[in-house]
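Chain by chain, the residues:
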Amino acid sequence: MAVLPILHHPDPRLRKKTPPVQQFDQKLQRLIDDMFETMYAAPGVGLAANQVGVQLRLSVMDCSEHHDQPIVMINPEVLGAEERQEMEEGCLSLPDIRDKVQRYNKIRLRALDRNGQPYELEAEGLMAQCVQHEIDHLDGKLYIDYLSSLKRERIKKKLLKAAAGD
Ligand SMILES: [Zn+2]
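What counts and how
- Residues numbered from 1 in each chain as written.
- Predicted model: local features only at pLDDT ≥ 70, side-chain atom pairs only at ≥ 80, totals over all residues.
- Heavy atoms only, no water.
- Helix = DSSP H or I, 4+ residues; strand = E, 2+ residues; numbered from the N terminus.
- Rg over C-alpha atoms; globule rule 2.2 N^0.38 Å.
- Buried < 20%, exposed > 50% of the residue type's maximum accessible area, 1.4 Å probe, protein only.
- Areas by Shrake-Rupley, 256 points an atom, 1.4 Å probe, with all protein chains shown as cover.
- Lys, Arg positive; Asp, Glu negative; His and termini not counted.
- Charge placed at Lys NZ, Arg CZ, Asp CG, Glu CD.
- Pairing = 2+ DSSP bridges.
- Axes fitted to C-alpha atoms, helices over the stretch in contact; angles between N-to-C directions.
- Phe/Tyr/Trp six-rings, centres within 6.5 Å; stacked < 30°, edge-to-face > 60°.
- Lys NZ or Arg CZ within 6 Å of the ring centre and 35° of its normal.
- Salt bridge = Lys/Arg side-chain N within 4 Å of Asp/Glu carboxyl O.

Participant: I'd love a proper account of the overall build of the chain, names of residues and values included.
Facilitator: Helices and strands together make up the secondary structure of the chain, namely three helices and five strands. Written out in order from the N terminus, the α and β elements of the chain read α-β-β-β-β-β-α-α. The C-alpha atoms of the chain give a radius of gyration of 15 Å, which matches the 15 Å a tight globule of 166 residues would have. With the C-alpha coordinates aligned to their principal axes, the bounding extent of the chain is approximately 45 × 35 × 30 Å. Expressed as a percentage of the 166 residues in the chain, the buried residues total 45%. Accessible surface for the chain amounts to roughly 9100 Å². Of this, 49% is attributable to carbon and sulfur atoms. Treating the 23 positive side-chain charges of the chain as one cloud and the 26 negative ones as another, the clouds have centres 8 Å apart.

Participant: Lay out the sheet that holds strand 1 (residues 46-48) in plain terms, naming residues and giving numbers.
Facilitator: Across a sheet, paired strands are connected by hydrogen bonds in the backbone, their directions being either parallel or antiparallel. Spatial ordering of the open sheet is given by 1-2-3-4-5, a layout of five strands whose pairing is antiparallel. What marks the edges here is a single partner per strand, and that holds for strand 1 and strand 5 (118-124). Ignoring which end each strand starts from, the neighbouring axes of this sheet average 45 degrees apart. In the sheet, strand 3 (residues 71-91) pairs with strand 4 (residues 94-112) via 14 bridges, with the strands oriented antiparallel. Following the sheet pairing, glutamate 89 is matched in strand 4 by aspartate 99.

Participant: Give a description of the packing of aromatic side chains that names residues and reports values.
Facilitator: Evaluated as defined, the whole model comprises one aromatic pair. Geometrically, the ring pair formed by phenylalanine 36 and tyrosine 40 is stacked, given 6.0 Å between the ring centres and 20 degrees between the ring planes. Of this pair, phenylalanine 36 and tyrosine 40 both sit in helix 1 (residues 26-41), four residues apart, which is roughly one turn of that helix. Phenylalanine 36 sits in the buried class, given a relative accessible area of 10%. Here the guanidinium or amino end of arginine 84 rests over the ring plane of tyrosine 104, the centre of that ring lying 4.9 Å away.

Participant: Can you break down the pattern of salt bridges residue by residue, with the values?
Facilitator: The final tally for this structure, using the stated rule, is 13 salt bridges. A salt bridge links glutamate 83 to lysine 106, with the shortest nitrogen-to-oxygen separation between them at 3.5 Å. Placement of glutamate 83 in strand 3 and of lysine 106 in strand 4 is noted, with a sequence separation of 23 residues between them. By relative accessible area, glutamate 83 is classed as partly exposed at 39%. Residues glutamate 88 and arginine 98 are paired through a salt bridge, measuring 2.9 Å at the closest nitrogen-oxygen approach. Residue glutamate 88 is found in strand 3, and its partner arginine 98 is found in strand 4; the two are separated by 10 residues along the sequence. By relative accessible area, which is 44% here, glutamate 88 ends up partly exposed. Counted as one network, the salt bridges with shared partners bring together Glu89, Arg103, Asp136 and Lys141.

Structural measurements only, silent on function.
Following this line, the structure appears as structure tokens:
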């Protein structure tokens, strides 16, 4: 397994809508293992394939306290959502930045696991927030898209400055 470099905003690869996964081969299994290792090392609770430069509709997540409940979400579809509320959010592609956005507190989805087997999931709280955040990534969106353009501009400047200082 390997820790992969995570792309930071405003990298254009974060802005593409990802195509569905079709091949459940060895290469995909290795990518999933590497994505988990990258996410846990960061540390983070979710990571989308396009954040490590791979254009596939695939995310890994683990919102558990002890990091022992890994979830692979492939080609997800939202079936239902309720209880919209404001939640604080961060993202591995926007280091050292957090802000409040509107999310659903409950969400129901259908997705495929790492072997291509379909499953349904009902998520609440942090897990529901994480699912919405990841699906946004797979659609080429970032949570800062929900903020004002003034705030977005300020964040972009801050990240470009940080990248220049590397
Ligand atoms: Zn993110």
